[in-house]
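Examination of the molecular architecture
If you want the building blocks of each chain, they are given just below.
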Amino acid sequence: MSIVVTGATGQLGRLTVEALLRRGVPASAIVATGRDLEALKDLADCGVVTRRADFADPDSLADAFAGAGKLLLISASFPVDERFAHHRRAIDAALAAGVSSVVYTSMTHADTATTILAAPHRATEEYLRQRDVPHVVLRNSWYLENYTATLPTVRRHGAVIGAAGRGKVSAATRADYAEAAAVVLTAEGHTGAVYELGGDEAFTLAELAATVSAATGKPITYTDLPADELAAALLGAGLPAELANVLADADLGLGRGELFTESGDLSRLIGRPTTSLATAVAEALR
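Computed from a predicted structure; not experimentally measured. For every chain, the first residue of the written sequence is number 1, and numbering continues from 1 along that sequence. Residue-level local features of this predicted model are given only where pLDDT is at least 70; pairs of side-chain atoms are given and counted only at 80 or more, and the full residue set underlies all totals for whole chains, interfaces and linings. Water and hydrogen atoms were dropped before computing side-chain values, which therefore reflect all heavy atoms in the structure.

1. A closer look at the side chain of serine 60
Definition in use: Per the convention used, a helix needs a DSSP run of H or I reaching at least four residues, while a strand needs a run of E reaching at least two, with both numbered from the N terminus. Throughout, a residue-residue contact means that at least one pair of heavy atoms, one from each residue, lies within 4.5 Å.
When you line up the elements, serine 60 lands in helix H3 (residues 58-65). Once residues lying within four places of it in the same chain are set aside, the contact partners of serine 60 are Arg52, Ala53 and Asp54.

What follows is the structure in structure tokens.
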């Protein structure tokens with residue numbers, strides 16, 4: 001029985017496939033799926049099975065999930081208001097294919113968080129329970145890469161901008177989250193678990209600015225903005241309107257503690273400390 005990974009054309013999905021291979025799962029027992037098979041060619045060349053899967057196309061899901069033992073359902077991307085419908089189709093297809101377990105990548109505190117992003121995660125978790133699907137929920141906090149990707153802009157302007165106040169975020173690298181997913185997919189005893197995953201060292205955006213300042217030797221400050229002004233700034237920087245609004249709203253959630261966890265679940269699952277902010281910044285600046 002194979003392990004199917006959705007969204008393998010994306011960064012988290014690909015990293016999970018690579019983590020499964022490192023853990024000794026035979027390439028022939030991994031099915032990497034995505035909408036663009038050409039983007040999976042290098043994995044196919046390594047012996048990984050590749051199949052087309054489009055959350056908007058139920059027929060493609062039936063074919064992609066055929067013969068699967070476990071399914072890693074990586075949450076769909078934008079638009080946010082279509083996410084739950086995509087997830088529901090994937091769960092229904094998994095049940096029809098006889099999948100024994102679904103591992104779903106959710107969001108920290110999805111059951112109580114009030115951000116725009118939390119709603120489809122909460123609905124998906126509820127649907128997994130309603131359909132009585134054996135499952136594991138991986139509630140991931142923010143990616144450290146969300147911040148390191150902005151370092152050129154931060155250095156150019158000498159500022160981190162946000163709307164999070166003094167809220168702390170338990171961000172971790174995609175690689176750490178992917179390793180945790182691989183552990184859950186290859187080990188017994190996780191069914192029914194809900195893991196709140198995040199980095200060992202939470203930080204405020206002011207602390208992010210200070211870390212970047214120390215790493216670059218340049219003065220970097222944190223400027224806290226009203227959410228509408230942050231959304232406008234992100235829109236002006238070239239982000240699509242929906243993404244700009246979602247990110248500004250997520251910062252408000254960060255300020256309320258909705259992206260913070262001190263569970264220690266991530267480091268326990270991967271068996272080592274999570275990658276620190278300072279390390280991630282240093283690597284991104286190389």
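2. Describing the nonpolar core
Let me state the cut-off plainly: Nonpolar cores are built from buried Ala, Val, Leu, Ile, Met, Phe, Trp, Tyr and Cys residues. Side-chain atoms within 4.5 Å join them into one set. Each residue is placed in one exposure class: buried if its accessible area under a 1.4 Å probe, protein chains only, is under 20% of its type's maximum, exposed if it is over 50%, and partly exposed if it falls in between.
Val17, Leu20, Leu138, Tyr195 and Leu197 are the most contacted members of the largest nonpolar core, which has 34 residues in total. Those elements that place two or more of their residues in this core are strand E1 (2-5), helix H1 (11-22), strand E2 (30-34), strand E4 (68-74), strand E6 (135-140), helix H8 (174-186), strand E8 (194-197) and helix H12 (265-270). No other element matches the eight residues that H8 contributes to this core. Leave out the neighbours within four places in its chain, and tyrosine 195 touches Val136, Val137, Leu138, Arg139, Val184, His190, Asp265 and Leu269. If you look at the next biggest cluster of nonpolar residues, it comprises 28 residues, including Ala171, Phe203, Leu259 and Ala280.

3. Things to note about unusual backbone geometry
Positive phi values are uncommon outside glycine, yet histidine 109 reaches one of about 55 degrees. By the element assignment, histidine 109 lies in the loop between strand E5 (101-107) and helix H5 (118-130). For histidine 109, a relative accessible area of 22% puts it in the partly exposed group. Of note in this structure, aspartate 132 is not a glycine but carries a positive phi near 55 degrees.

4. Details of H5
Where we set the bar: Every helix has an expected span of 1.5 Å times one less than the residues it contains.
The first and last C-alpha atoms of H5 sit 18 Å apart over 13 residues, in line with the 18 Å expected at 1.5 Å per residue. Residues of H5 that are buried: Ala118, Pro120, His121, Thr124, Glu125, Tyr127 and Leu128. Elements that come into contact with the buried residues of H5 comprise helix H4 (83-97), E5 and E6.

5. Quick notes on the pairing of E4
Formally: Paired strands, as defined in this entry, are two strands with at least two bridges between them according to DSSP. We call a crossover right-handed when, viewed with both strands directed away from the observer, the connection leading from the first strand over the helix to the second proceeds clockwise.
Where burial is concerned, most of E4 is hidden: seven out of the seven residues are buried. Pairing between E4 and E5: five bridges, direction parallel. Considered in E5, the bridge of isoleucine 74 is made with threonine 105. Once you follow E4 into H4 and on to E5, the crossover reads as right-handed.

6. Re the side chain of aspartate 54
The cut-off we apply is this: Polar contacts, as used here, are pairs of N or O atoms within 3.5 Å; protein pairs need one atom able to donate a hydrogen and one able to accept it. Residues neighboring in sequence count only if both atoms are side-chain atoms.
With respect to the helices and strands, aspartate 54 occurs in the loop between strand E3 (49-52) and H3. One polar contact links the side chain of aspartate 54 to the main-chain amide nitrogen of alanine 56, over a distance of 2.9 Å. Setting aside anything within four residues of it in sequence, one finds aspartate 54 in contact with Arg35, Ser60 and Leu61.

7. Remarks on the packing of H1 against H8
To keep things clear, this is the line we draw: Only the contacting stretch of a helix is used when fitting its axis, a line to C-alpha atoms as for every element, and angles between N-to-C directions run 0 to 180 degrees. Geometric relationships in this document are graded by angle, where less than 35 degrees denotes roughly parallel, more than 145 denotes roughly antiparallel, 65 to 115 denotes roughly perpendicular, and other angles denote oblique. In a left-handed crossing the near helix is turned counterclockwise from the far helix by less than a right angle, and in a right-handed crossing that turn is clockwise. Charged means Asp, Glu, Lys or Arg here, nonpolar means Ala, Val, Leu, Ile, Met, Phe, Trp, Tyr, Cys or Pro, and polar covers whatever is left, Gly included.
Where H1 contacts H8, the axes come no closer than 8 Å and their chain directions differ by 50 degrees. As summarised for this structure, H1 and H8 are arranged oblique, according to the angle between their axes. Relative to H8, H1 is oriented so that their crossing is right-handed. Where H1 approaches H8, its residues Gln11, Leu12, Leu15, Thr16, Ala19 and Leu20 are matched on the opposing element by Arg174, Ala175, Tyr177, Ala178, Glu179, Ala181, Ala182, Leu185 and Thr186. Considered class by class, the residues forming the contact of H1 with H8 number ten nonpolar, three polar and two charged.

8. Structural notes on the pattern of salt bridges
Here is the rule: Think of a salt bridge as a Lys or Arg side-chain nitrogen and an Asp or Glu carboxyl oxygen that are within 4 Å of each other.
This structure, assessed with the given rule, holds twelve salt bridges. Aspartate 176 is the partner of arginine 272 in a salt bridge, and the nearest nitrogen-oxygen pair spans 2.6 Å. Taken together, the positions of arginine 272 in the loop between H12 and helix H13 (277-284) and aspartate 176 in helix H8 put the pair 96 residues apart, joining distant regions of the chain. Looking at arginine 272, the relative accessible area reads 31%, which means it is partly exposed. Several salt bridges share partner residues, and in doing so they unite Asp111, Glu125, Arg139 and Glu196 into one network.

9. Some points on the environment of arginine 35
Relative to the helices and strands, arginine 35 is located in the loop between E2 and helix H2 (41-45). Taking relative accessible area as the criterion, arginine 35 reaches 60% and is therefore assigned exposed. Separated by 22 residues in sequence, arginine 35 and aspartate 57 place their C-alpha atoms 10.0 Å apart. If near-sequence neighbours (up to four positions away) are discounted, arginine 35 is found in contact with Arg52, Ala53 and Asp54.

10. Points about helix H10 (residues 227-236)
Short version of the rule: Along the arc lie the directions from the helix axis toward the C-beta atoms.
Taken together, the buried positions of H10 are occupied by Leu230, Ala231 and Leu234. Looking straight down H10, one finds its buried side chains confined to an arc of 100 degrees; they lie on one side. In H10, those exposed residues whose orientation departs by more than 90 degrees from the buried face are Asp228 and Gly236. Looking at the packing, one finds that the buried side of H10 touches strand E7 (159-162) and helix H11 (241-255).

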